[in-house]
Amino acid sequence: MDEKSWVFHIGPVWFDGTVTTMILVTCLIVFFLVYAFTRNLSLKPKGKQNVLEYLYDFVVGFTEPNVGSRYMKDYSLFYLCLFLFMVIANNLGLMAKLQTTDGTNLWTSPTANLQFDLALSFGIILMTHIEGIRRRGVKKYLKGFITPSFMTPMNLLEEVTNFLSLALRVFGNIFAGEVMASLLITLSHQALYWYPVAFVTNLVWTAFSVFISCVQAYVFTVLSSMYLGHKINDEEE
């Protein structure tokens, strides 16, 4: 896509303004959703409270087998927020397309940006190492990398592949979805007789992309919980 983003800098560090804005928008949406759904809680849930509790149980249901029931209560809210963030971030770019007259893109999915996906993936992997050390201690944690000794290179390589696969999987799917949506919009502008075809095709593609985006949010959260579970749970030798 022939698009560019506006940029800004804080001191010597430059930031992609569009991606930064969309990250903040996503965080605000997640915050206000959770805030609105947790007002006036009752012992007999109904309406929006039912929705939130169902979503919470759903996330706990697919992350607890990886994290373990022993630690799940400590990480359940984190994975709920992570899942909500990924669902919203993956779909934002499908909801609208805003550009200035010079082609500067003002609206996109944060996860359609490779740098953001790599940063998010790095943050997840870093958190798993920190929690692993905190739960098991430095000596016992490091022992897992060098036992048996001939597997040490493979264990280190696994950390790199986990980091890259976590980022590249979500980037590839979300970026491809937005590229296809942009092409369909461009097609509708080519000639009047293409508009009905592009319109119907774009509706179908958007529905499919929303489904894929939600699946990617699920996969990202599952894999994040698996990586954490491997780090914090003692493995019996």
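Preceding this paragraph is the structure being described.
Described below are features of the structure shown in this document.

Here's the deal with the overall build of the protein chain
A tally of helices and strands in the protein chain yields seven helices and four strands. Tracing the protein chain from N to C terminus, the helices and strands come up as β-β-β-α-α-α-β-α-α-α-α. Judged by the C-alpha coordinates and their principal axes, the protein chain covers about 70 × 50 × 40 Å. Taken over 237 residues, the protein chain has a buried fraction of 38%. In the protein chain, of all internal contacts separated by at least 6 residues, the share reaching a separation of at least 24 is 70%.

Details of the layout of surface pockets
Taken as a whole, the second largest pocket spans an internal volume of roughly 370 Å³. L94, K97, A181, I185 and N202 are, among the 23 residues lining the second largest pocket, the residues nearest its centre. Among the elements of the structure, α3 (72-95), α6 (152-188) and α7 (195-232) are those that each provide at least two residues to the lining of the second largest pocket. In terms of residue class, the lining of the second largest pocket is made up of 12 nonpolar, eight polar and three charged.

Concerning the packing of helix α4 (residues 114-136) against helix α5 (residues 138-146)
Interhelical geometry of α4 versus α5 gives an angle of 125° and a closest axis separation of 6 Å. Between α4 and α5, the crossing angle belongs to the class labelled oblique. Counted together, T128, H129, G132, I133 and R136 of α4 and V138, K140, Y141 and F145 of α5 form the full contact between these two elements. Residues that form the contact of α4 with α5 fall into these classes: four nonpolar, three polar and two charged.

Digging into the packing of α6 against α7
As a packed pair, α6 and α7 sit with axes 9 Å apart at the nearest point and diverge in direction by 170°. By the criterion of interaxial angle, the relationship of α6 to α7 is roughly antiparallel. Here the contact of α6 with α7 is composed, by residue class, of 16 nonpolar, 11 polar and three charged.

Points about the pattern of salt bridges
If you walk through the whole model with that rule in mind, you get three salt bridges. We note a salt bridge from R135 to D74, for which the minimum N-O separation is 3.0 Å. Here R135 is found in helix α4, whereas its partner D74 is found in helix α3, with 61 residues between them in sequence. You can call D74 partly exposed: its relative accessible area is 40%. Note that E131 and R134 form a salt bridge whose closest N and O atoms lie 2.7 Å from each other. Of this pair, E131 and R134 are both found in helix α4, three residues apart, which corresponds to roughly one turn of the helix. A relative accessible area of 53% means that R134 is categorised as exposed.

A few points about the nonpolar core
Ranked by size, the top nonpolar core spans 37 residues in total, and within it V67, Y75, Y79, M86, F220 and L228 carry the most contacts. Elements with a minimum of two residues in this core: α1 (17-37), α2 (48-67), α3, α4, α6 and α7. Once you skip the residues sitting within four places of it in the chain, V67 turns out to touch M72, Y75, Y79, S225, L228, G229, I232 and N233.

Points about the packing of aromatic side chains
Centre distance and the angle of the planes are the two values used to describe a pair of aromatic rings. In the structure shown here, the tally under the stated rule is 14 aromatic pairs. Each member of the aromatic cluster is reached from another via a ring pair, and the members are F58, F62, F83 and Y218. We note R39 situated over the ring of Y35; from NZ or CZ to the ring centre the distance is 4.3 Å.

Considering the side chain of N91
Mapped onto the elements, N91 comes out in helix α3. Judged by its relative accessible area of 9%, N91 falls in the buried class. Engagement of the side chain of N91 in a polar contact is seen with the backbone oxygen of V87, the distance being 2.7 Å. If near-sequence neighbours (up to four positions away) are discounted, N91 is found in contact with S109, S209, V210, S213 and C214.

Analysis parameters
Residues numbered from 1 in each chain as written. Predicted model: local features only at pLDDT ≥ 70, side-chain atom pairs only at ≥ 80, totals over all residues. Heavy atoms only, no water. Helix = DSSP H or I, 4+ residues; strand = E, 2+ residues; numbered from the N terminus. Buried < 20%, exposed > 50% of the residue type's maximum accessible area, 1.4 Å probe, protein only. Contact = heavy atoms within 4.5 Å. 1 Å grid on protein atoms, 1.4 Å probe; cavity = no way out; pocket = protein on both sides within 12 Å on 5 of 7 lines; lining within 4 Å. Points joined across faces, edges and corners; volume = space filled by probe spheres on them. Nonpolar A, V, L, I, M, F, W, Y, C, P; charged D, E, K, R; others polar. Axes fitted to C-alpha atoms, helices over the stretch in contact; angles between N-to-C directions. Parallel < 35°, antiparallel > 145°, perpendicular 65-115°, else oblique. Salt bridge = Lys/Arg side-chain N within 4 Å of Asp/Glu carboxyl O. Core = buried A, V, L, I, M, F, W, Y, C linked by side-chain atoms within 4.5 Å. Phe/Tyr/Trp six-rings, centres within 6.5 Å; stacked < 30°, edge-to-face > 60°. Lys NZ or Arg CZ within 6 Å of the ring centre and 35° of its normal. Polar contact = N/O pair within 3.5 Å; in protein donor to acceptor, adjacent residues only side chain to side chain.

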